[in-house]
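# A look at the structure
Each chain, written out:
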Amino acid sequence: MTTTCLFCRTPLRHTFVDLGMSPLCESYVSAEQLNSMEPFYPLHVYVCESCFLVQLEEFVSPSDIFTEYAYFSSYAESWVEHMRRYAEAITQRLQLGDKSLVVEVASNDGYLLQHFVRMNIPVLGIEPAANVAKVATGKGIPTLVRFFGEALAHELTRDGKKADLICGANVLAQVPDVNDFVRGLRILLAPDGVVTIEFPHLMRLMAENQFDTIYHEHFSYFSFVAAERIFAAHELVLFDVEELPTHGGSLRVYARHAADESKPVSSRARELRQREIDAGMLRLETYQHFGEQVKETKRKLLDFLISARRAGKKVVGYGAPGKGNTLLNYCGVRTDFVDFTVDRSTYKQGKFLPGTHIPILPPEAIREAKPDYVLILPWNFKDEIMSQMAYVREWGGRFVVPIPETRVLE
Ligand SMILES: [Zn+2]
């Protein structure tokens, strides 16, 4: 069977990177499950030769992944702060008020919408993971437990709802049918409304070797030019863009109806488009070099771990993020190299990483173990983590990041 492009249906023939077989990166394993079978799926990423959308073949149904999701946004302080600043800036830019409606797609535990609620702006959250949505509802944030797409957008407009702002952070990559999703945005958006969508920037992923951000839960990976083409197919124009430091480098694109000419296309959007074209984002060869870069990263991490362990050093992990699971499974790193990892999320503590079965302990375990090296798996939060864990230096411990390549931090 030939798999076709999620967006344009061209048969997928070109590999972007093949990370082998991997378990679902959010399927943390409990002690009772340790001796049971664990499903592994191919983590093979393709690039479409005609629209340059980078994408996974779909093996796992979204309802299996997202109905009991372990990630609570509010656990990462810098992320909550990032979204607070966004809420204030966009409220001012769009002059939102008590007659407006802000809809967030994949609203998680209400980490963003709570800021609009505080400013008396009506909100609606849409969140398919029931356990997470319940937390939001408990905080007074109206939340629908649904997947977003054309059908839900029609239901909401039939109820007289039109959104002045639709936002979504880290949802686009997780959408199994990108056409249905973007059509939904167009239907729900008020004639002069704005959509802002944040997603990891493919050009940065490639330049900085962030292959560990690839997992089954992320079906597609977007450049600005690919996103622009997809939105344009649904009569939405990307009229502005911001480059953000979050998740190793993200884009926040601003979309409006094609007919809404009150918002001209910004120089930032034109400049980024040109920069991507210059970087080869519309040429197949650019994508075909990525796989070799990834293999070299694996060799570097294993070199470091082998030398450290041969020298009798103790290595532990920090964090149990999805990206850590891609990295550790691809590199074959288990408790033979990393004794344990720690995570602040009580949901994950006491469980084991999928596939590698490295135990997840509370952060205090690092103080007791006094390791020589702490491998920071959520490297995008490395500054925050190093300041929280500054005491590691007291016994001469050092921090290591695996991406863009293995490096001991000074
Ligand atoms: Zn395509």
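Now for a quick tour of the structure.

Basis of the calculations
Residues numbered from 1 in each chain as written. Predicted model: local features only at pLDDT ≥ 70, side-chain atom pairs only at ≥ 80, totals over all residues. Heavy atoms only, no water. Helix = DSSP H or I, 4+ residues; strand = E, 2+ residues; numbered from the N terminus. Buried < 20%, exposed > 50% of the residue type's maximum accessible area, 1.4 Å probe, protein only. Contact = heavy atoms within 4.5 Å. Areas by Shrake-Rupley, 256 points an atom, 1.4 Å probe, with all protein chains shown as cover. Lys, Arg positive; Asp, Glu negative; His and termini not counted. Charge placed at Lys NZ, Arg CZ, Asp CG, Glu CD. Core = buried A, V, L, I, M, F, W, Y, C linked by side-chain atoms within 4.5 Å. Phe/Tyr/Trp six-rings, centres within 6.5 Å; stacked < 30°, edge-to-face > 60°. Lys NZ or Arg CZ within 6 Å of the ring centre and 35° of its normal. Salt bridge = Lys/Arg side-chain N within 4 Å of Asp/Glu carboxyl O. Axes fitted to C-alpha atoms, helices over the stretch in contact; angles between N-to-C directions. Parallel < 35°, antiparallel > 145°, perpendicular 65-115°, else oblique. Left-handed = near helix turned anticlockwise from the far one by under 90°. Nonpolar A, V, L, I, M, F, W, Y, C, P; charged D, E, K, R; others polar. Expected span 1.5 Å × (residues − 1). Arc of directions from axis to C-beta.

Counting secondary structure elements, the chain contains 14 helices and 17 strands. Its C-alpha atoms put the chain at 65 × 50 × 40 Å along the principal axes. Counting every position in the chain, which comprises 410 residues, the buried fraction comes to 58%. Considering only residue pairs separated by 6 or more positions, the chain has 70% of its internal contacts joining residues 24 or more positions apart. Counting only carbon and sulfur atoms, one obtains 52% of the accessible surface of the chain, whose full area is about 16,900 Å². Mean positive and mean negative side-chain charge positions of the chain (44 and 52 charges, respectively) differ by 2 Å.

Right, let's talk about the nonpolar core for a bit. One finds Phe16 and Phe181 to be the most contacted residues of the largest nonpolar core, which totals 111 residues. A total of seven residues in this core trace back to one element, the largest contributor, which is helix α11 (residues 290–310). Leave out the neighbours within four places in its chain, and Phe181 touches Val105, Phe148, Gly149, Val171, Leu172, Val175 and Ile197.

This model, assessed by the stated rule, comprises nine aromatic pairs. Their ring planes at 20 degrees and their centres at 5.7 Å tell us that Phe52 and Tyr287 sit as a pair that is stacked. A residue pair is termed long-range when its members are at least 10 positions apart, and Phe52 in the loop between β2 (41–47) and β3 (54–56) and Tyr287 in helix α10 (residues 284–288) qualify at 235 residues. Each member of the pair, Phe52 as well as Tyr287, carries the same accessibility label: buried. One aromatic cluster in this structure is built from Phe16, Phe52, Tyr287 and Phe290. Over the face of the ring belonging to Tyr347 we find Lys351, whose NZ or CZ atom lies 4.5 Å from the ring centre. Sitting over the face of the ring of Tyr391, Arg367 holds its NZ or CZ atom 3.8 Å from the ring centroid.

Per the counting criterion, the structure on display carries 25 salt bridges. For Glu88, the salt bridge identified is with Arg84, shortest N-O distance 3.1 Å. Of this pair, Glu88 and Arg84 both sit in helix α2 (residues 77–94), four residues apart, which is roughly one turn of that helix. The class for Glu88 is partly exposed, based on a relative accessible area of 41%. A residue is classified by how much of its surface remains accessible, and Arg84, at 28% relative accessible area, is partly exposed. Between Arg93 and Asp240 there is a salt bridge; the shortest N-O distance is 3.0 Å. One end of the pair, Arg93, is in helix α2; the other, Asp240, is in strand β10 (residues 236–244), and 147 residues separate them in sequence. For Asp240, a relative accessible area of 4% puts it in the buried group. One network of salt bridges, in which partners are shared, links Glu292, Lys295, Glu296, Arg299, Lys300 and Glu405.

What follows covers the packing of helix α5 (residues 150–158) against helix α6 (residues 178–188). In contact at an axis separation of 7 Å, α5 and α6 are set at 15 degrees when each is read in the N-to-C sense. It follows that α5 is roughly parallel to α6 by the angle criterion. The crossing of α5 and α6 is right-handed. Facing Glu150, Ala153, His154, Leu156 and Thr157 of α5, the residues of α6 in contact are Asp180, Arg183, Gly184, Ile187 and Leu188. Residues belonging to the contact of α5 with α6 are distributed by class as follows: four nonpolar, three polar and three charged.

Within the secondary structure, Ala258 is located in the loop between β11 (250–257) and α9 (267–278). When the C-alpha positions of Ala258 and Ala232 are compared, they lie 8.0 Å apart, and in sequence the two are 26 residues distant. Excluding anything up to four places from it in sequence, Ala258 contacts Glu235, Leu236 and Val237.

With 21 residues, α11 should cover 30 Å at 1.5 Å per step; its first-to-last C-alpha distance of 31 Å lies within 8% of that length. Within the sequence span of α11, burial applies to Phe290, Gly291, Val294, Thr297, Leu301, Leu302, Phe304, Leu305 and Ala308. Angular distribution of buried residues about the axis of α11 spans 155 degrees; they occupy a single face of the element. Pointing more than 90 degrees away from the buried face of α11 are the exposed residues Asp303 and Arg310.

Just geometry here; none of it tells us what the structure is for.
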